[in-house]
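Single-letter residue listing:
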Amino acid sequence: MEARIVLLGPPGSGKGTQAERMEDELGFVRLSTGDLLREAVRNQTELGKQAKEFMDQGLLVPNELVIGLMKEKIDRMDGGYILDGFPRTVQQAEVLESITSVDHAINLDVDDEELVSRLTKRRSCPDCNAVFHLLYKPPAAEGVCDRCGGELYQRSDDSEETVRNRLKVYRENTFPLIEFYGKRGVLRDIDGVGDIDEIFQAIKGLL
Ligand code: AMP
């Protein structure tokens, strides 16, 4: 599929899980800002060192660091792609608008208590970026990624305190994007609570 898609929901709303399905089954390329930043942190690049202190506190990494990173990746894309975790501020959305048009901004709607429960029980794969949940989507073998065999870990920003901070940051900085994309006629609201497969079918149905 050729569409350019932005995934808008709060942390824990299922952006990563759904992006993974869209990548595996619909042929999209997923660009996750968080994954790119975590890779930079692991590789101890200059960007990684600067980004880490913000990420550890659940704060947004400053626009000047994130925008350069994403602009370079987006410029190189052809075909359909999904932006997972970008834009997260109106300023980032304006920059994106100056580079390309967005066909669908998908907003996964999930309430805060559910988000906290999901994030604190989340496990992630550092190798292929697949995500699991200890209760709702456990890996077939404990601690091992179903997709690539990588060793699962708990992200340092998935502790309860940092999660609550991330939700506050979401409300203040990212929530206004719902109106931003609503005005442009590309906002698609999806109920993000329920069966992972049914949510995926709902997304597929609106593309
Ligand atoms: P995520 O994996 O999408 O939950 O992102 C993890 C962390 O990376 C966030 O809490 C931020 O610190 C940082 N981050 C990800 N995307 C952005 C963005 N678009 N702008 C600023 N910081 C970001």
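See above for the structure.
1. Quick look at the site of the ligand
Here is step 1: Every one of the 16 residues lining the ligand counts as a neighbour, but Arg-38, Leu-59, Gly-85, Arg-88 and Gln-92 are closest to it.
Here is step 2: For the ligand, a nitrogen atom lies 3.0 Å from a polar atom in the backbone of Val-61.
Here is step 3: Separating an oxygen atom of the ligand from a side-chain N or O atom of Arg-166 is a distance of 3.3 Å.
Here is step 4: For the ligand, the protein covers 96% of the area, taking 480 Å² as the surface of the free molecule.
Here is step 5: Of the residues assigned to the shell around the ligand, the class counts are seven nonpolar, four polar and five charged.

2. Remarks on the packing of aromatic side chains
Here is step 1: Here the structure, examined in full by the defined rule, presents one aromatic pair.
Here is step 2: When the ring centre of Phe-132 is taken as origin, the NZ or CZ atom of Lys-137, which lies over that ring, is 5.2 Å away.
Here is step 3: The ring of Phe-180 is capped by Arg-184, whose NZ or CZ atom sits 3.7 Å from the centre of that ring.

3. Looking at the sheet that holds strand E1 (residues 4-7)
Here is step 1: With parallel pairing, the five strands of this open sheet are ordered in space as E2-E3-E1-E4-E7. Each edge of the open sheet carries a strand with a single partner, namely strand E2 (29-32) and strand E7 (187-191). Taking each pair of neighbouring strands and ignoring which way they run, the sheet shows an average axis angle of 25°.
Here is step 2: Note: E2 against strand E3 (residues 81-84), four bridges, orientation parallel. Within E3, the residue paired with Ser-32 across the bridge is Asp-84.
Here is step 3: Packing against the sheet, helix H2 (residues 33-42) makes contact with E2 and E3, and its axis sits at approximately 60° to E2.

Quick notes on the rules
- Residues numbered from 1 in each chain as written.
- Predicted model: local features only at pLDDT ≥ 70, side-chain atom pairs only at ≥ 80, totals over all residues.
- Heavy atoms only, no water.
- Near = heavy atom within 4 Å.
- Polar contact = N/O pair within 3.5 Å; in protein donor to acceptor, adjacent residues only side chain to side chain.
- Areas by Shrake-Rupley, 256 points an atom, 1.4 Å probe, with all protein chains shown as cover.
- Nonpolar A, V, L, I, M, F, W, Y, C, P; charged D, E, K, R; others polar.
- Phe/Tyr/Trp six-rings, centres within 6.5 Å; stacked < 30°, edge-to-face > 60°.
- Lys NZ or Arg CZ within 6 Å of the ring centre and 35° of its normal.
- Pairing = 2+ DSSP bridges.
- Helix = DSSP H or I, 4+ residues; strand = E, 2+ residues; numbered from the N terminus.
- Axes fitted to C-alpha atoms, helices over the stretch in contact; angles between N-to-C directions.
- Contact = heavy atoms within 4.5 Å.

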